[in-house]
Amino acid sequence: MRAVRGEPVPHTPVWYMRQAGRSLPEYRRVREGTGMLESCMDPDLVTEITLQPVRRYGVDAAIFFSDIVLPLKAVGVDLDIKPGVGPVVATPVRTLADVEAIPDLVPEHVPYVTQAVRQLVAELGETPLIGFAGAPFTVASYLVEGGPSREHALTKAMMWGAPEVWDALMSKISGIAAAYLEVQVAAGASAVQLFDSWAGALTPGDYAASVQPYSAGVLARAGELGVPRIHFGVGTANLLGLMAEAGADVVGVDWRSPLGTAIGQVGDRAVQGNLDPTLVFAPTGVMTRRAAEVIEAGRAARGHVFNLGHGVLPSTDPDQLARLTEFVQSYELGQDS
């Protein structure tokens, strides 16, 4: 929390996106036979999965175990997460009527989230819990495409060709995402992350005109809660300045961007990242040498939270991630930095 606020820290704090994920054997055991969305709706299971990497690695923050499409499922959208595929929507959104059929999210839709966050805050003690939501563009792409897409052709066609439908859809999703974060913060989350998996598919002009205002709306509502806001996207080297301007206190940087370059793009803000997730498959000395480069680069920022440049890969060796965590936490910064 000190790092995200730009205050001095004794060591660079570290947590990992998808840190429970499919790489932990205890995660695989507890999830066995239980679907992803079903898991996200079980407060005890959410609590256990969120705590697993904190117990194993001693990371400096927990990330709430959820999925970006869970709020849509909660308000009644007919979707499921199919193994090996991802979120699949039964009836994709095409018209204003389709958008209007989606209810707004209220706390009563997600009582299991409130319960899980409260349980986690009680268990975590001094370790902060980061709340989580999918950003409007990424969630919209699932709704419009009907599932994962490489090209996002239907999504962009709506954005360019049916601006009134696009505005209604993005406004709807923004409201749902903001409400979802508000539920988590009200129950005790210390910070929030808005995750834009597919924003890298956009040009800066399209992002600024058709996406940034909606992400900014979510982050503005989160800002009213008084918690730090992390904004992360994948493949967003050309969007980092715009993502920062959307209202982020911390800008997450994926592994494709040199951290020093990214710091120059985001202004007087903290950064998060950004070791290549595949470096945990390299020899330990190579991994830690590259981690040291990331830590050193991060010292130029207002604040720095060490993370991978995207989620932990399923085949990651948990022992290697433990070694990385220990290295980052023991890395000497000299004076509090």
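Keep in mind that this is a model prediction, so the values were computed, not measured.

**Remarks on helix H8 (residues 153-161)**
Here comes step 1: Residues Thr155, Lys156, Met158 and Met159 constitute the buried set of H8. Taken down its axis, H8 places every buried residue within 155° of arc, on the same side. Seen from the open side of H8, the exposed residues pointing more than 90 degrees away from its buried face are Trp160 and Gly161.
Here comes step 2: As for H8, its buried residues are in contact with helix H7 (136-145), helix H9 (163-187) and helix H10 (204-210).

**Thoughts on the packing of H9 against helix H11 (residues 212-223)**
Here comes step 1: Closest axis-to-axis distance for the H9/H11 pair is 9 Å, and the angle between their directions is 25°. What the angle tells us is that H9 and H11 run roughly parallel. The chirality of how H9 crosses H11 is right-handed. Of the residues in H11, those in contact with Trp166, Asp167, Met170, Ser171, Ser174, Gly175, Ala177, Ala178, Ala179, Leu181 and Glu182 of H9 are Tyr214, Val218, Arg221 and Ala222.
Here comes step 2: For the contact of H9 with H11, the class distribution of residues is 9 nonpolar, 3 polar and 3 charged.

**Here we look at the environment of Ala168**
Here comes step 1: Positionally, Ala168 belongs in helix H9.
Here comes step 2: In sequence terms Ala168 and Leu96 are 72 residues apart; their C-alpha atoms lie 7.1 Å from each other.
Here comes step 3: Not counting residues within four places of it along the chain, the set of residues in contact with Ala168 comprises Leu96 and Val99.

**Things to note about the side chain of Glu26**
Here comes step 1: Within the secondary structure layout, Glu26 lies in helix H1 (residues 25-31).
Here comes step 2: Of the polar contacts made by the side chain of Glu26, one reaches the side chain of Arg56; its length is 2.9 Å.

Rules of the game
- Residues numbered from 1 in each chain as written.
- Predicted model: local features only at pLDDT ≥ 70, side-chain atom pairs only at ≥ 80, totals over all residues.
- Heavy atoms only, no water.
- Buried < 20%, exposed > 50% of the residue type's maximum accessible area, 1.4 Å probe, protein only.
- Helix = DSSP H or I, 4+ residues; strand = E, 2+ residues; numbered from the N terminus.
- Arc of directions from axis to C-beta.
- Contact = heavy atoms within 4.5 Å.
- Axes fitted to C-alpha atoms, helices over the stretch in contact; angles between N-to-C directions.
- Parallel < 35°, antiparallel > 145°, perpendicular 65-115°, else oblique.
- Left-handed = near helix turned anticlockwise from the far one by under 90°.
- Nonpolar A, V, L, I, M, F, W, Y, C, P; charged D, E, K, R; others polar.
- Polar contact = N/O pair within 3.5 Å; in protein donor to acceptor, adjacent residues only side chain to side chain.

Distances and angles like these do not, on their own, reveal function.
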